[in-house]
Amino acid sequence: MWFYENVTREEFEKRKDFTEKVMLEAGAEIFDVKLPYEQKTVRVIGDIAHERYSQRRVFRFEDEYYRVDEVLFPEKPFIVIEAGTLEELMNNIMWDVEPFPYDLSDEEISNEVKYSLGILPYPSSYPK
């Protein structure tokens, strides 16, 4: 179930695709792996849990592994990059790097990817 009137699921997925493209341009490599679990996002509204299965690629950059995911906040969907070690990836216990709105400009998304990969330091207004 999709909850937003200002953006379609297809438009949102295209922004996640763009985020992955930027990761590749920044030097991340696709890590071909068969995960021992299904990737899914769960959103709970009231007493109802909504699950969405995803087939997002895994990336490796330096000694960390990354995956593009989502956080569905009430006002609009956000993109979040998950990060972790190989063990964390394989056990589905990666941590979320700072989420960012899907509707940022291409340049802003590019910067968010660089912050998430540690290429650029977060601006001082960001939590560390």
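Residue numbers run consecutively from 1 along every chain, following the written order of its sequence. Since the coordinates come from a predicted model, pLDDT governs what is reported: local features require at least 70, and pairs of side-chain atoms require 80 or more to be given and counted, while whole-chain, interface and lining totals use all residues. Only hydrogens and water are removed before side-chain values are computed, so all heavy atoms of the structure are retained for them.

Participant: Looking at this model, I keep getting lost on the environment of D17. Mind explaining?
Facilitator: Of note, D17 is situated in helix α1 (residues 9-25). The exposure class of D17 is partly exposed, given its relative accessible area of 40%. Distance in space between the C-alpha atoms of D17 and V68 is 8.7 Å, their sequence separation being 51 residues. Only DSSP runs of H or I reaching four residues or more are called helices, and only runs of E reaching two or more are called strands; each is numbered from the N terminus. Buried residues are those whose accessible area, probed at 1.4 Å on protein chains only, stays under 20% of the maximum for their type, while exposed residues exceed 50% and partly exposed ones sit between those limits.

Participant: Is there a simple way to explain the nonpolar core in this structure?
Facilitator: Buried together is how nonpolar side chains tend to be arranged in soluble globular proteins. What we call a nonpolar core is a set of buried Ala, Val, Leu, Ile, Met, Phe, Trp, Tyr and Cys residues that are connected through their side-chain atoms within 4.5 Å. The biggest cluster of nonpolar side chains holds 22 residues, and the ones touching the most others in it are M23, Y66 and V113. Among the elements that line this core, the one with the most residues is α1, at 4 residues. Apart from residues no more than four positions distant in its own chain, M23 is found in contact with A28, F59, Y66, V68, I81, V113 and L117. Among the nonpolar cores identified, the runner-up in size contains 7 residues, and F31, Y37, V58 and M94 belong to it. In what follows, a contact means two residues having at least one pair of non-hydrogen atoms within 4.5 Å.

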